[in-house]
Amino acid sequence: MTSVLEKTVNVMIVEDYKLTRMGLKSSLEEFDGISVTGEAEDAEKGLLVAERLKPDVILMDLGLPGMNGIEATSRIKQTNPNIKIIILTSHERDEEVLAALGSGANAYCLKDIEPYALANVIREVAKGACWLDPVIAKVALKLFPKPDNIRISSHNQLQDGRGQLTERELEVLRLLVKGKSNTEIAKDLIVSVHTAKAHVCSILQKLCVDDRVQAAVKAVRENII
Ligand code: CA
């Protein structure tokens, strides 16, 4: 549910398939607080439209004719770092994930994401959050080897990481790995959003990570949950 005080998030879609664009636009506009204000069928046009409209969030396809979505993301981020970019991809090839991770995008989603979940990612990313689909997070983990110090003492760290978290925090962490927002976590656990946020903050502190993506990555990598 979106409060009337929350600003509408203006979204632009860069996607070469017209039907996919239309489907995304119509399903996203069902949600409060999201308005699809721009579209482009290729990256070159996407750059021009982004410059003109300055949307809050861009949904960027990876496979585009001509310039690909990764290059387009890098270019838009160079000139308009405040525009948030969500990569929306239908597959998770290793080299693409690696390139996407380096492009400065704020989120990486697979195209089979449920519309309500995508709407949540859009709202959270517009507020400054980052999001990595768990499938893509797993590919990323495979690509980045663990540092030696973690490998040597992984057993102890694993015990420590899990031991520090309360049962409730472990529950929150499991939901966080599933990509749930604070609002959804609050709803699932029947607590206030304020309480859910406090649990997330405590988890970030205890796991020594900066954001929920890193927390989810650490949770999966170290089998904390
Ligand atoms: Ca495409």
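Note that the structure is predicted; figures quoted are calculated from it, not measured.

A. Molecular detail of the sheet that holds strand β5 (residues 107-110). The strand order across the open sheet built from six strands is β2-β1-β3-β4-β5-β6, with neighbouring strands paired in parallel fashion. What marks the edges here is a single partner per strand, and that holds for β2 (34-40) and β6 (131-132). With two bridges connecting them, β5 and β6 associate as parallel partners. Note on β6: the bridge partner recorded for alanine 107 is tryptophan 131.

B. Geometry of the pattern of salt bridges. Inspection of the entire model under this criterion finds twelve salt bridges. Salt-bridge contacts for lysine 54 lead to glutamate 51; the nearest nitrogen and oxygen are separated by 3.0 Å. The exposure class of glutamate 51 is partly exposed, given its relative accessible area of 40%. In this structure, glutamate 124 engages lysine 127 in a salt bridge whose closest nitrogen and oxygen atoms are separated by 3.8 Å. Note on lysine 127: relative accessible area 55%, which makes it exposed.

C. Representation of the coordination of the calcium ion within the structure. All of the protein donors around the calcium ion are Asp16 (OD), Asp61 (OD) and Gly63 (O); their distances to the metal are 2.1 to 2.4 Å. Mapped onto the sequence, the donors of the calcium ion take the spacing D-x44-D-x1-G. Pair noted here: aspartate 16 is in the loop between β1 (9-14) and α1 (18-28) and aspartate 61 is in strand β3 (residues 57-61), with a separation of 45 residues, a long-range link. The partly exposed category is assigned to aspartate 16, whose relative accessible area is 27%.

D. Fine view of the packing of helix α9 (residues 167-177) against helix α12 (residues 212-221). One can describe the packing of α9 onto α12 by two numbers: an axis separation of 9 Å at closest approach and a directional angle of 105 degrees. Relative to α12, the element α9 lies roughly perpendicular. Contact with α9, carried on its side by Leu173, Leu176 and Val177, involves Arg212, Ala215, Ala216, Ala219 and Val220 of α12 and no other residues of that element. The residue inventory of the contact of α9 with α12, partitioned by class, reads seven nonpolar, no polar and one charged.

E. Looking closely at the confidence of the model for the chain. Taken as a whole, the chain shows an average pLDDT of 85; of its residues, 88% reach a score of 70 or greater. Averaged over each element, pLDDT in the chain is lowest for helix α7 (residues 148-152) (40) and highest for β1 (98).

F. Structural view of the environment of glutamate 41. In this fold, glutamate 41 is placed in the loop between β2 and α2 (43-53). Relative accessible area serves as the criterion here: at 34%, glutamate 41 is assigned to the partly exposed category. The spacing of glutamate 41 and leucine 64 is 23 residues in sequence and 8.0 Å in space, taken between C-alpha atoms. Leaving out residues up to four positions away in the same chain, glutamate 41 has contacts with Glu15, Asp16, Arg21, Leu64 and Pro65. Only 3.3 Å separates the side chain of glutamate 41 from the side chain of lysine 45, close enough to count as a polar contact.

G. Representation of the pairing of β5 in the model. Burial along β5 is two-sided: the face carrying Ala107 and Cys109 and the face carrying Tyr108 and Leu110 are both buried. With helix α4 (residues 94-101) bridging strand β4 (residues 84-89) and its parallel neighbour β5, the resulting β-α-β unit is right-handed. Taken together, β5, helix α5 (residues 115-126) and β6 constitute a β-α-β crossover, and its handedness is left-handed.

H. Broad picture of α12. Residues of α12 that are buried include every one of Arg212, Val213, Ala215, Ala216 and Ala219, and no others. Buried residues of α12 fall within an arc of 160 degrees about the axis and therefore sit on the same side. The inward-facing, buried residues of α12 contact β6, α9, α10 (182-189) and α11 (193-206). Sitting at the amino-terminal end of α12 is aspartate 211, which places a side-chain oxygen 3.0 Å from the backbone nitrogen of valine 213. Positioned one or two residues after α12, asparagine 223 has a phi angle of 50 degrees, which is positive.

Scoring rules and cut-offs
Residues numbered from 1 in each chain as written. Predicted model: local features only at pLDDT ≥ 70, side-chain atom pairs only at ≥ 80, totals over all residues. Heavy atoms only, no water. Pairing = 2+ DSSP bridges. Helix = DSSP H or I, 4+ residues; strand = E, 2+ residues; numbered from the N terminus. Salt bridge = Lys/Arg side-chain N within 4 Å of Asp/Glu carboxyl O. Buried < 20%, exposed > 50% of the residue type's maximum accessible area, 1.4 Å probe, protein only. Donors = N, O, S within 2.8 Å, 3.2 Å for Na, K, Ca; no water. Axes fitted to C-alpha atoms, helices over the stretch in contact; angles between N-to-C directions. Parallel < 35°, antiparallel > 145°, perpendicular 65-115°, else oblique. Contact = heavy atoms within 4.5 Å. Nonpolar A, V, L, I, M, F, W, Y, C, P; charged D, E, K, R; others polar. pLDDT = per-residue confidence, 0-100. Polar contact = N/O pair within 3.5 Å; in protein donor to acceptor, adjacent residues only side chain to side chain. Right-handed = clockwise from strand over helix to strand, strands pointing away. Arc of directions from axis to C-beta.

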